[in-house]
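# Chains, contacts and geometry: an overview
Okay, here's what each chain looks like letter by letter:
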Amino acid sequence: IAGALLGLMRMAQGAHFLSDVVFSGLIVVGVAWVAHELIARRGGIAALSGAGRLAAISLICLAIGALSYFFYDRPVAIWAHGLPPRIHPAFEFVTLFGYARGYEIVTAVAFVLIFFLWSRGRVWAWRAAFVFLNVALSGLAVDVIKVIVARARPALFFGNGEYGFEWFRWGSAHWSFPSGHGQTAAALALSLTTIWPRLWPLWWLAALTIMSSRLVLGAHYPSDLLGGFYVALVAWWWLRPWYERRRRKLTETL
């Protein structure tokens, strides 16, 4: 009831169409039903395996992303736009760690050097390749999706009110979704958590810091970051079992 009243209020304010509210309501109902089935009747996502678990996570990400797109992206962008400019230099430095090319070069060189010069340490060569593939493959997917969906960046929202997906537009101003920085940060965090699982808080704190820099700098909306995370998750989800089937040891015991 509270959600319906909030939707009516947003319509009265002229912020949304009826279809927006109905679509969000359907997503909420669907997610609630899936959550009840998974948690109350079937033991939660942990009880699922393989494609079933990925499908459940996909539905959750879709629901959160849709709610963010309709209700939270613009308020967060407006909040970030109002932050004092003096904090930008710090976040501009942090955001540099979200560029994929440096990680791809380092891991590719590490693989070649270790594989050919250190025969006893080839397990580390395959781990370097694992990080490289996670970052590179999910990065390619993000680049393709960006061009197809062509979502306007927050700068266009503040410049001329443009918001949403334009479809098949060329130019970085319309490459907001998914976030490449979000994808790179998530791919690294997932890869490093696989290799050194006990240090997972460190990896994810770094990833979230990089992602937050994109919001503060007005480069992305929250749902863009979620999209980048999801693409990285799917790549990691299929790549890790592929490695394990080839008996490549990924996890290092500290």
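Scroll up to find the structure this text is about.
Residues numbered from 1 in each chain as written. Predicted model: local features only at pLDDT ≥ 70, side-chain atom pairs only at ≥ 80, totals over all residues. Heavy atoms only, no water.

Moving on, we get to the side chain of Arg 127. Mapped onto the secondary structure, Arg 127 falls in helix H6 (residues 122-149). Not counting chain neighbours up to four residues away, the residues in contact with Arg 127 comprise Ile 195, Lys 249, Leu 250, Thr 251 and Glu 252. (Helix = DSSP H or I, 4+ residues; strand = E, 2+ residues; numbered from the N terminus. Contact = heavy atoms within 4.5 Å.)

Moving on, we come to the packing of helix H3 (residues 51-81) against helix H10 (residues 222-245). The contact between H3 and H10 brings their axes to 8 Å, and the two run at 165 degrees. As judged from the angle between their axes, H3 and H10 are roughly antiparallel. Like other packed secondary-structure pairs, H3 and H10 cross with a definite hand, here left-handed. In this structure, H3 uses Arg 53, Leu 54, Ile 57, Ser 58, Cys 61, Ile 64, Gly 65, Ser 68, Tyr 69, Asp 73 and Val 76 to contact H10, whose residues at the interface are Pro 222, Ser 223, Leu 226, Phe 229, Tyr 230, Leu 233, Val 234, Trp 237 and Trp 238. The residue inventory of the contact of H3 with H10, partitioned by class, reads 14 nonpolar, four polar and two charged. (Axes fitted to C-alpha atoms, helices over the stretch in contact; angles between N-to-C directions. Parallel < 35°, antiparallel > 145°, perpendicular 65-115°, else oblique. Left-handed = near helix turned anticlockwise from the far one by under 90°. Nonpolar A, V, L, I, M, F, W, Y, C, P; charged D, E, K, R; others polar.)

A word on the packing of aromatic side chains. With the rule as written, the count across this model stands at 20 aromatic pairs. When the centroid spacing of 5.4 Å and the interplanar angle of 80 degrees are considered together, the rings of Phe 93 and Phe 97 count as edge-to-face. Judged by its relative accessible area of 51%, Phe 93 is exposed. Here Trp 204 and Phe 229 contribute two aromatic rings whose centre-to-centre distance is 6.2 Å and whose plane-to-plane angle is 65 degrees, an arrangement assigned as edge-to-face. (Phe/Tyr/Trp six-rings, centres within 6.5 Å; stacked < 30°, edge-to-face > 60°. Buried < 20%, exposed > 50% of the residue type's maximum accessible area, 1.4 Å probe, protein only.)

Note on placement: Ser 213 falls in helix H9 (residues 200-216). Since its relative accessible area comes to 0%, Ser 213 is described here as buried. At 3.3 Å, the side chain of Ser 213 forms a polar contact with the side chain of Thr 95. Aside from chain neighbours lying at most four places away, what touches Ser 213 is Phe 91, Val 94 and Thr 95. (Polar contact = N/O pair within 3.5 Å; in protein donor to acceptor, adjacent residues only side chain to side chain.)

Of note, the bond from Phe 177 into Pro 178 is cis; its omega dihedral lies within 30 degrees of zero at -10 degrees. Note on placement: Pro 178 falls in the loop between helix H7 (154-160) and helix H8 (180-195). The phi dihedral of Phe 168 is positive, around 55 degrees, even though this residue is not glycine. When you line up the elements, Phe 168 lands in the loop between H7 and H8.

Any functional reading would require information that these geometric values do not contain.
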